[in-house]
Amino acid sequence: MTDVDVIIVGAGPTGLMLAAELRLAGVRPLVLERRPERGKTPKAHGLSGQILDLLHYRGLLDRVRALVTDPVPADRFPFGGVHVDLTRFEEPPLKALSVRQQLLEGLLEEHATGLGAELRRGHEVVGVSQDDESVTAEVRGPDGTYEVTAQYLVGCDGGRSPVRSMAGIGFPGTTYPEVNRIGQVSIPDRLTVHDNGDIETPELGRIKAGFTRTGTGVFALGSLTPGILFIQTTEDDPGEIDDDVPMTLTELGDSIRRVLGGDVPLGDPVRLSRYQFSARQAERYREGRILLAGDAAHLLPSTGTAINVGMSDSVNLAWKLAAEIQGRAPAGLLDTYHAERHAAGARALLQSRAQVALRRGHDEAAEALRAVFQELLDDEQAARRLASHVAGTDTRYPMPGSTHALAGTFVPDLALETDQGATSVAELLRDARPVLLDLADRPELREPAEGLVDVRTAKAEDRPADVLLIRPDGYIAWAGDGDTEGLREALAAWFGA
Ligand SMILES: Cc1cc2nc3c(=O)[nH]c(=O)nc-3n(C[C@H](O)[C@H](O)[C@H](O)COP(=O)(O)OP(=O)(O)OC[C@H]3O[C@@H](n4cnc5c(N)ncnc54)[C@H](O)[C@@H]3O)c2cc1C
């Protein structure tokens, strides 16, 4: 008998989401976080991609929306120095919300602890060991060092992940020798902002909105919020940065001077941060009873998408871990976590590294590449495809027993009519339980699922298939109109029929 079911190391977005999902699945997680309080250094300012749909399916999206302090960004996003315009799409293929990471973490913490997860702040994991039966964490807490045992331990402990090192898992890839500094500042009197977003400065004259490349780096200028300038500099710098050292306005001003060769007047800072880009992925996401998720498993060299990938890891992992712990997992279920999420992480790295290639070139050939890429993105199909790649909505997992086009894809939020009234797929997935959704009253297809997953009968306009078997993470495990054998195979593979 272990102290808890799962130890989660790290209370960032990944660890907190995992804790909540594990509680929904009925297991006992303990979250250990080395920081005594939530981190104050500004990190993410935006949340984008598929995780927004997942948050909607868990009934959390409206709560996240309530945290948005800036207007929702326009439907365009930067892809390695090229702007992708999504305004022509009625339903944007990449959704984004401008939410500060600290506020998001506060909400996730409230959600996870509200569901009964235990969180200990100021408790650092300094050692990890495992055997066939359990895993033990050595923890340095405010009252000294102690041990906790669990059936599994998940390292959600960020890019420098001590858990990953202690488990002996390699983290190959590249750290780019450059530092990015971001400032969101009010507009001082000495600065004029033109209608098209260009600025006029006393010393440097007119500076265009968008990217200005010089021999010493890149200066980026824009505005997400009226009255606030968004400024970013990128400079080559082989040193390592320390996330715990706060950025200052002087540091940003010095960097701008090095890049542009003169001063840009800066108003009061709303946000200052700096970051370095790495492209790395853990060799494996599982070593026995130790697993990795979030930044501990992958670092992406582009902005705006890392939390999406990390929190999606958690949603994928939680129900599989719970099934293992509750003794109802079919053989190999937990290994599908690595198979599915390592592939999804590699795909996220693919688009993210492509952004580096587009962004880092400063010569004429690189300018030409960006221009050609920009031209290609005038094509609606190309823009949609790229946006889905960045959002992670094009992820398709292999699903045994089904050849249907929908198998392995994320279930759409269908409006449903049932005997009890109107509902939706999102409502059905609120408690993170697997569902067999019968849209054509097919008792012979409901029968094999009884007792294994929730079985619901409903009607939907333009039903995509007679029956959908939906996993707790929202992915369609089986879709079809007949073939009971295929359905039985899918049920056996995922839910241990
Ligand atoms: C300036 C900046 C801007 C960013 N902007 C965006 C953005 O706009 N959108 C986006 O999606 N992403 C963005 N990111 C990336 C995003 O912040 C990370 O992807 C995200 O924080 C990863 O979440 P995580 O929970 O996996 O890890 P982390 O948030 O790093 O959390 C790991 C936690 O583990 C704790 N920990 C570490 N070691 C131990 C230990 N031994 N014992 C106990 N606890 C431990 C740490 O204290 C930390 O709280 C940005 C990052 C930076 C730095």
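A. Broad picture of the site of the ligand. Looking at the ligand, there are 30 residues lining it, with Thr 14, Glu 33, Gln 101, Asp 295 and Ile 307 nearest. In this structure, Gly 46 approaches the ligand through a main-chain N or O atom, which is 2.9 Å from a nitrogen atom. For the ligand, whose unbound accessible area comes to 1,000 Å², protein coverage reaches 90%. Residue assignment for the shell around the ligand shows that the elements contributing at least two residues are helix 1 (13-24), strand 2 (29-33), strand 8 (124-130), strand 19 (269-275) and helix 7 (306-325). Element by element, the count of residues in the shell around the ligand is highest for strand 19, at three residues. Split by domain, the shell around the ligand shows at least three residues from each of two domains, domain 1 (4-171 + 282-391) and domain 2 (175-278).

B. How the structure looks around the domain arrangement of the protein chain. As assigned here, the protein chain comprises domain 1 (4-171 + 282-391), domain 2 (175-278) and domain 3 (415-495). Relative placement of domain 1 and domain 2: their C-alpha centres are 27 Å apart. In this complex, domain 1 contributes 26 residues to the contact, which on the side of domain 2 involves 24 residues. If you sort the residues of domain 1 by the area they bury against domain 2, Arg 160, Arg 359 and Arg 360 come out on top, with a joint share of 24%. Counting across the domain 1 and domain 2 interface gives three salt bridges. The partner of Glu 178 in a salt bridge is Arg 359, with the nearest N and O atoms 2.9 Å apart.

C. Representation of empty space enclosed by the protein. In the structure shown here, the tally under the stated rule is one cavity of 30 Å³ or more. Roughly 200 Å³ of internal volume is contained in the largest cavity. Taken together, 22 residues line the largest cavity, and the ones lying closest to its centre are Ser 312, Arg 341, Ala 344, Gly 392 and Thr 395. Among the elements of the structure, helix 7, helix 8 (335-360) and helix 10 (380-391) are those that each provide at least two residues to the lining of the largest cavity.

D. Structural view of the nonpolar core. Among the nonpolar cores identified, the biggest contains 107 residues, and Leu 437, Leu 468 and Leu 469 are the most heavily contacted of them. Examining the composition of this core, we find that ten residues originate from one element, helix 7, more than from any other. Per-domain counts for this core show at least three residues from each of domain 1 (4-171 + 282-391) and domain 3 (415-495). Excluding residues within four positions of it along the chain, Leu 437 makes contact with Leu 416, Val 425, Leu 428, Arg 456, Ala 458, Asp 466, Val 467, Leu 468 and Ile 470. Counting residues in each nonpolar core, the second largest holds 15 residues, with Phe 219, Leu 221, Leu 252 and Leu 272 among its members.

E. Quick peek at the sheet that holds strand 13 (residues 192-193). Strands sit in the order 13-14-15 across an open sheet of three strands; the sheet is antiparallel. Where the open sheet ends on each side, the last strands, each with one partner, are strand 13 and strand 15 (205-207).

Conventions used here
- Residues numbered from 1 in each chain as written.
- Predicted model: local features only at pLDDT ≥ 70, side-chain atom pairs only at ≥ 80, totals over all residues.
- Heavy atoms only, no water.
- Near = heavy atom within 4 Å.
- Polar contact = N/O pair within 3.5 Å; in protein donor to acceptor, adjacent residues only side chain to side chain.
- Areas by Shrake-Rupley, 256 points an atom, 1.4 Å probe, with all protein chains shown as cover.
- Helix = DSSP H or I, 4+ residues; strand = E, 2+ residues; numbered from the N terminus.
- Domains from an automatic or database assignment.
- Contact = heavy atoms within 4.5 Å.
- Buried area = accessible area lost by both parts, 1.4 Å probe.
- Salt bridge = Lys/Arg side-chain N within 4 Å of Asp/Glu carboxyl O.
- 1 Å grid on protein atoms, 1.4 Å probe; cavity = no way out; pocket = protein on both sides within 12 Å on 5 of 7 lines; lining within 4 Å.
- Points joined across faces, edges and corners; volume = space filled by probe spheres on them.
- Core = buried A, V, L, I, M, F, W, Y, C linked by side-chain atoms within 4.5 Å.
- Buried < 20%, exposed > 50% of the residue type's maximum accessible area, 1.4 Å probe, protein only.
- Pairing = 2+ DSSP bridges.

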